[in-house]
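Architecture at a glance
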Amino acid sequence: MRLCDIKIQNKVSGLDTLKKQSRKIWNGNIPSPSLLTVAVLIAILMTLPLIYVVYQSFLAGTASWMRLISNRIPQLLWNTLSLSISVTILSSSIGVVLAWIVNRTDLPGRKIWKGLLALPVVIPPYIGAVTYIIVFGPRGWVFQLINRTATQVRELPFTIYSFAGVVLVMTLFTYPYVFLITGSAMRKTSSAYEEVSRSLGHNGFTTFFKVILPLLVPSIGASSILVFLYVLSDFGAVSMLRYVTFTSAIYFQRAGFDIPSAAVLSLVLIAITLVVLFIEKLVKKKKVYHQSKGMVKEPKTISLNRFKLPALLFVLFIFTISVLLPVSVLIYWTVMGLNSGLGLYNNAFLGYTLNSFRVAGSAAIISILLSVPVIYLYARHRSIVSSVIYKLTYTGYALPGVIIALGLVFLFNNHIPVLYSTVTLVVLAQVIRFMPQVLQAGESAISLVSPRMEESARSLGQSTWKVLLTITLPSMLPGLLAGGALVFVSALKELPATLMLRPPGFDTLAVRVYYQASEALYIQAAPGALLIILISLLPLHYLLKNY
Amino acid sequence: MKTNKVLTALGISSLVLLAGCANTSSESGEANDELVVYSSRNEQFVADLLDKFESDTGISVSALHGVEPLQLMEERNNVQADVFISNDIGALEYLNNEELLKSTDSDNVESIEEQYRAENNEWIALSSRARGFIYNKDLIDEEDVPTRMEDLMDDTYSSVENGFAITRGGNGGMISNVSALRHEWGDERTKDWVEAIQENAAGIFEGHGDIRRAVGEGIHAFGLVNNYYYHQQLLEPENNNVGFVYPDQADGEMGAIVNAAGVGLLNDSPNEGAAETFLNWLLEEENQLAFVGESLEVPINTELDPPFEQAVNLSELTVQDMPLRELGNYFEDTRSLIEDAGLDLNLR
């Protein structure tokens, strides 16, 4: 009896301390266990592929490891890092210079250029690569043009299938990240510093390097890291241009179902990604210089004077090679297709389009639904636990799609065979990769609504339901929808995970474009590519507004 | 707390939704009105055949193209495909040794010579190909094209104008080429060969179609391909000034390396009935020809006229003295040999 009493007492006091502890963690604002459970489940779902790949790589055995470390990994490291670093440097330089010209100088038509120069962001690099092969390939338009003139040449003096070619193509379709992000930072930076510099007698050049550039370091850093991560993760453009990085090596290893090798290579790629993210954190810690309230006045524009023409030519040149050229090539082949009477716009094409919409639409809707509990927990029940959950759901966003797909292939083939080789798996991969876009947009939307509003509505006698439906969700909705639109577009363009996970007979526009382009069937590839670009234009307005 | 409950419900329902949109396309049961085909051949060569099957029988086909045989190994406990169409007998025999393929007994199976079938018809070869060199007549004279496989180890061919092209080592045709050399030369010399061609080649491509186009367009002087890619290039409206050399034809040389494309049915597959219908249908002579289709290979069935009339028949060639089945025993180690040399991922 007595013993039992003590035990119960102990239990009660144990429970008490547990309660206290948990109240402390949650700052007295404990979420219901069920909400917490769902959020945890979502976080697990989002991180599972990563965990499984890492687990597989440890199972790979020393033999696999030794073989790969001795010959393959050093070569791939060099290929991958030299490409990522070159593209990052080049596209940051172009992005910053363009952003400065467009935002800070009296360039003619600068308002229009601001939009036009961001356009390459909607052209997936693999589609860009196709158009560059068509024009600059060994027997491309340039070669034909040269041979049509009197001179007969057998070989172009350059080849697009080279390191330089890959760097060029990747740069042209990634610089907009830098252009958009640093451009927005420039608009937010007070021009007072510049004025001081100018009044002290420094010219525009010195002012740019000594004053403007240092102020922009955080935004340049953040956007370069985006570019770097993008290059790490790209599969389509790199493989079309016959360059092998970790990402394409993993793709080929898995296509040959050399699972241990694919897992080992993935682990190295994950490690590179983590290092990059760590660097990002260091950059972010540095001070943010922009001033968003008070003294910001419309920055003075700098007169370009005699540099006006060169600046205009530069802007025009970049626009031509990154937008005009690829889009014209695609329009040309699409029109050729329409005139060819091949009947390319048939049921099959419609089927691919519908499949694309089905995957992208489901991914968008599911991403919106899944992100609501996570955002709510993070925003309304702040604690270390909810931040960890929130951050874990970002896993797929930072990692290359091939790794997500690889993890899902392993996991489902071995443990959940019913769902293996189904469209669900394709959708799941897109959700894991792109849902963080909804999290970002939704979180910033909910943070604008004070919880006090919800509380006061409740204190005025409104039911919880009504508060949720009339205040919380509507306030989040614009953000959620915008995020959903971004997910839709990203999933529409997505290539490697779809290629690796699609069931037999299931083709999407992106998959068809990739296949047809690699078989040099440009007439067939062009309409799909053009359609992907057109649809990607839709949420661009939101993207531009946000940066 | 009510808010939390609502959100919980929302979260759970969307998780369920995600799981739910699964079974829209698969799992039709035993109706046998559909068929899942895995194929390692180029989609262009198989698509018409499968369309014909659909319209002839009303069975709907879902196909996955560009599949490597090890995917079937990986899925052995969760079989997805009913039929595997392969362009490499080595791969088929390897899967057969692993007991993934099932024995069959089709109506017209005798139309294929026994040496082109597995012991219990676990696989059946339908079209043949031989390895050789496609060359561009504008760039190189026939006598300057190598006449033996081992010639490629010779540095002089790396300095031929515009150089020569091979496929990456992950390619099925290249894998069986290497297997055949291992049978002939042993591993040491074959390894030297793989390393040397990787060193000497000017272009390393994803597939043979890329090579024939590149040689036709004069980007490279010659390339190592299967003979039917030469047939295909001859039929192109332009860039078709190409020739072909069957190597190792002289007395005492090993003879041309031969391989075949064929088909096998999988054990415990989802639609076994439809798979058998497919095999019976495929062995009808008309459909044996449709199997060759646009690839312009030579049908194994000697009763049939090759779709490409000028095609050199196997009987006119000196052919390597090795039963095709033998390729299956080399398959796995060949892959690791190629991987050790780094050719499986090399592209240029």
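The shown structure was predicted, so the numbers you read here are calculated from the model rather than taken from an experiment.

Cut-offs used in this document
Going along each chain's sequence as written, the residues are numbered from 1 onward. Think of it this way: whatever chain is written first is A, whatever ligand is written first is 1, and the rest follow in order. With pLDDT at 70 or above as the cut-off, local features in this predicted model cover only qualifying residues; side-chain atom pairs require 80 or more to be listed or tallied, and sums for whole chains, interfaces and linings still use all residues. Derived side-chain values reflect all non-hydrogen atoms in the structure, with water molecules and hydrogen atoms excluded from consideration. Secondary structure follows DSSP: runs of H or I at least 4 residues long count as helices, runs of E at least 2 residues long count as strands, and numbering of each begins at the N terminus. Throughout this description, buried means an accessible area under 20% of the type-specific maximum (1.4 Å probe, protein chains only), exposed means over 50%, and partly exposed covers the range between. Whether two residues touch is decided by their heavy atoms; if any such pair falls within 4.5 Å, the residues are in contact. Residue exposure ignores everything except the shown protein chains as possible cover, and the areas themselves are Shrake-Rupley values with a 1.4 Å probe. Counted charges follow a simple rule, with Lys and Arg positive, Asp and Glu negative, and His plus the chain ends left uncounted. By convention, the charge on Lys lies at NZ, on Arg at CZ, on Asp at CG and on Glu at CD. The reference for a compact globule is 2.2 Å times residues^0.38; the radius of gyration itself is calculated from the C-alpha atoms. An automatic or database domain assignment provides the domain bounds reported here. Summed over both partners, buried area is the accessible surface (1.4 Å probe) that two parts give up on being assembled. Salt bridges are defined as contacts in which a side-chain nitrogen from Lys or Arg sits within 4 Å of a carboxyl oxygen from Asp or Glu. Given a helix with a known number of residues, its expected span is that number minus one, times 1.5 Å. Confidence scores here are pLDDT values: one per residue, from the predictor, ranging 0 to 100. Exposure above 30% relative accessible area and no salt bridge define the residues that can form patches, which grow by joining like charges within 9 Å and nonpolar side chains of Val, Leu, Ile, Met, Phe, Trp and Tyr within 5 Å. Strand pairing is defined by DSSP finding a minimum of two bridges between the two strands. Polar contacts here mean pairs of N or O atoms no more than 3.5 Å apart (in protein, one a potential hydrogen donor and the other a potential acceptor; neighbouring residues in sequence count only if both atoms are side-chain atoms). When residue character is reported, Ala, Val, Leu, Ile, Met, Phe, Trp, Tyr, Cys and Pro are called nonpolar, Asp, Glu, Lys and Arg charged, and the others, Gly included, polar. Nonpolar cores were defined as sets of buried Ala, Val, Leu, Ile, Met, Phe, Trp, Tyr and Cys residues, with membership established by side-chain atoms within 4.5 Å. Every axis corresponds to a line fitted to the C-alpha atoms, with the helix fit spanning only the stretch in contact, and the corresponding angles, defined between N-to-C directions, vary from 0 to 180 degrees. Roughly parallel means an angle under 35 degrees; roughly antiparallel, over 145; roughly perpendicular, 65 to 115; everything else is oblique.

A separate point is the overall build of chain B. Within chain B, the secondary structure is distributed over 11 helices and 10 strands. Judged by the C-alpha coordinates and their principal axes, chain B covers about 80 × 55 × 40 Å. Looking at chain B residue by residue over its 348 residues, the buried ones come to 60%. Restricting the contact set of chain B to residue pairs at least 6 apart, pairs at least 24 apart contribute 78%. Entry remark: accessible area of chain B is about 13400 Å², with carbon and sulfur atoms responsible for 40%. Across chain B, the centroid of the 20 positively charged side chains sits 7 Å from that of the 67 negatively charged ones.

A word on the overall build of chain A. Tallying secondary structure elements over chain A gives 25 helices and zero strands in all. For 547 residues, the compact-globule estimate of 2.2 N^0.38 gives 24 Å, and the C-alpha radius of gyration of chain A, at 26 Å, lies within 12% of that figure. Dimensions along the principal axes, computed over C-alpha positions, put chain A at roughly 110 × 65 × 50 Å. The burial tally for chain A puts 56% of its 547 residues in the buried class. If you take every contact in chain A between residues at least 6 apart in sequence, the share linking residues at least 24 apart comes to 82%. Carbon and sulfur atoms form 68% of the exposed surface of chain A, whose accessible area is close to 24200 Å². Taking the average place of the 44 positive charges on the side chains of chain A and the average place of its 16 negative ones, the gap between the two points comes to 3 Å.

With that settled, the discussion passes to the domain arrangement of chain B. Residues and elements named next belong to chain B. If you check the domain split of chain B, you get domain 1 (33–128 + 259–312) and domain 2 (130–257 + 329–341). Relative placement of domain 1 and domain 2: their C-alpha centres are 26 Å apart. Counting residues at the interface gives 17 residues for domain 1, matched by 16 residues for domain 2. Taken together, the two surfaces of domain 1 and domain 2 that pack against each other cover about 1500 Å², and 59% of this comes from carbon and sulfur. When the buried area of domain 1 at its contact with domain 2 is split by residue, Y94, L296 and F308 rank highest and sum to 29% of it. Between domain 1 and domain 2 we count one salt bridge in total. The salt bridge involving R335 is made with E68; its shortest N-O contact spans 3.5 Å.

Another point: helix α9 (residues 272–283) of chain B. When the terminal C-alpha atoms of α9(B) are compared, their 17 Å separation across 12 residues agrees well with the 16 Å that a helix rising 1.5 Å per residue should span. Taken together, the buried positions of α9(B) are occupied by A274(B), A275(B), F278(B), L279(B), W281(B), L282(B) and L283(B).

Turning next to the confidence of the model for chain B. Residues with a pLDDT of 70 or more make up 91% of chain B, whose mean pLDDT is 89. Segment residues 22–29 of chain B is flagged for pLDDT under 50; beyond a separation of four residues in sequence, or across chains, it makes 10 contacts in the model.

On to a negative patch on the surface. A grouping of D105(B), D107(B), E110(B) and E284(B) is seen on the molecular surface, where their side chains present a negatively charged patch. Mapped onto the secondary structure, D105(B) falls in the loop between α4 (89–97) and β4 (123–136).

Residues and elements named next belong to chain B. Burial along strand β8 (residues 242–245) is two-sided: the residues V242 and F244 and G243 and V245 are all buried. Here four bridges tie β4 to β8, and the two strands are oriented antiparallel to one another. Residue pairing for β8: Y135 is matched across the bridge by G243.

Before going further, it helps to examine the pattern of salt bridges. Between side chains of opposite charge, a pair can form when the charged atoms approach closely. All names here are of chain B. Here the structure, examined in full by the defined rule, presents 23 salt bridges over all chains. The salt bridge involving R76 is made with E98; its shortest N-O contact spans 3.5 Å. One end of the pair, R76, is in the loop between α3 (69–74) and β3 (83–86); the other, E98, is in the loop between α4 and β4, with 22 residues separating them in the sequence. R76 gets classed as partly exposed once you look at its relative accessible area, which sits at 35%.

So, about the side chain of Q430(A). Mapped onto the fold, Q430(A) is located in helix α19 (residues 423–446). Those residues in contact with Q430(A) that sit more than four places away from it in its chain are V359(A), A363(A), M435(A), A491(A), E494(A) and T498(A).

This next bit is on the interface of chain B and chain A. Quoted interface sizes are often the accessible area lost when the parts come together. Each partner contributes to the interface: chain B provides 57 residues, whereas chain A provides 59 residues. Each partner contributes to the roughly 5300 Å² buried at the junction of chain B and chain A, and carbon and sulfur atoms together form 58% of this total. Here chain B and chain A share one salt bridge between them. Note that E43(B) is salt-bridged to R512(A), the shortest N-O span being 2.8 Å. At the junction of chain B with chain A, the criterion picks out 11 residue pairs in polar contact (both at pLDDT 80 or more). Those elements giving two or more residues to the side of chain B that touches chain A turn out to be α1 (2–20), β1 (34–39), α2 (43–57), β2 (60–65), α3, β6 (203–205), α7 (208–216) and α11 (327–341) of chain B. When residues of the side of chain B that touches chain A are assigned to their parent elements, the largest contribution, 14 residues, is made by α1(B). The class makeup of the residues in the side of chain B that touches chain A is 22 nonpolar, 18 polar and 17 charged.

What follows deals with helix α8 (residues 175–188) of chain A. Residue and element names in this part refer to chain A. For α8, which comprises 14 residues, the first-to-last C-alpha distance of 20 Å matches the rise-based estimate of 20 Å (1.5 Å per residue) to within 8%. The buried count for α8 comes to 11 of 14 residues, which makes it a mostly enclosed element. Along α8, the positions that sit buried rather than exposed are Y175, P176, V178, F179, L180, I181, T182, G183, S184, A185 and M186.

On the surface, V40(A), L41(A), I44(A), L48(A) and I51(A) cluster together into a nonpolar patch covering about 380 Å² of accessible area. Relative to the helices and strands, I51(A) resides in helix α2 (residues 33–59).

With that settled, the discussion passes to the nonpolar core. Judged by nonpolar contacts, the single largest core of 277 residues is most densely connected at L117(A), L35(B) and F278(B). By residue number, the principal contributor to this core is helix α15 (residues 347–380) of chain A, which donates 16 residues. Once residues within four sequence positions are removed from consideration, F278(B) is found in contact with L35(B), L49(B), L50(B), F53(B), V83(B), I85(B) and V263(B).

Residues and elements named next belong to chain A. Partitioning chain A into structural domains gives domain 1 (50–295 + 304–328) and domain 2 (341–547). On a C-alpha basis, the centroid separation for the pair domain 1 and domain 2 is 23 Å. Domain 1 puts 41 residues into the contact, and the matching count from domain 2 is 34 residues. Summing both partners gives a buried area of about 3300 Å² for domain 1 against domain 2, and 81% of it is carried by carbon and sulfur.

The subject of this paragraph is the packing of helix α3 (residues 61–104) of chain A against helix α12 (residues 246–255) of chain A. Residue and element names in this part refer to chain A. Interhelical geometry of α3 versus α12 gives an angle of 135° and a closest axis separation of 9 Å. In terms of orientation, α3 and α12 fall into the oblique class. Along its contact with α3, which presents R72, I73, L76, L77 and T80, the element α12 presents F246, A249 and Q253. Taken together, the residues of the contact of α3 with α12 sort by class into five nonpolar, two polar and one charged.

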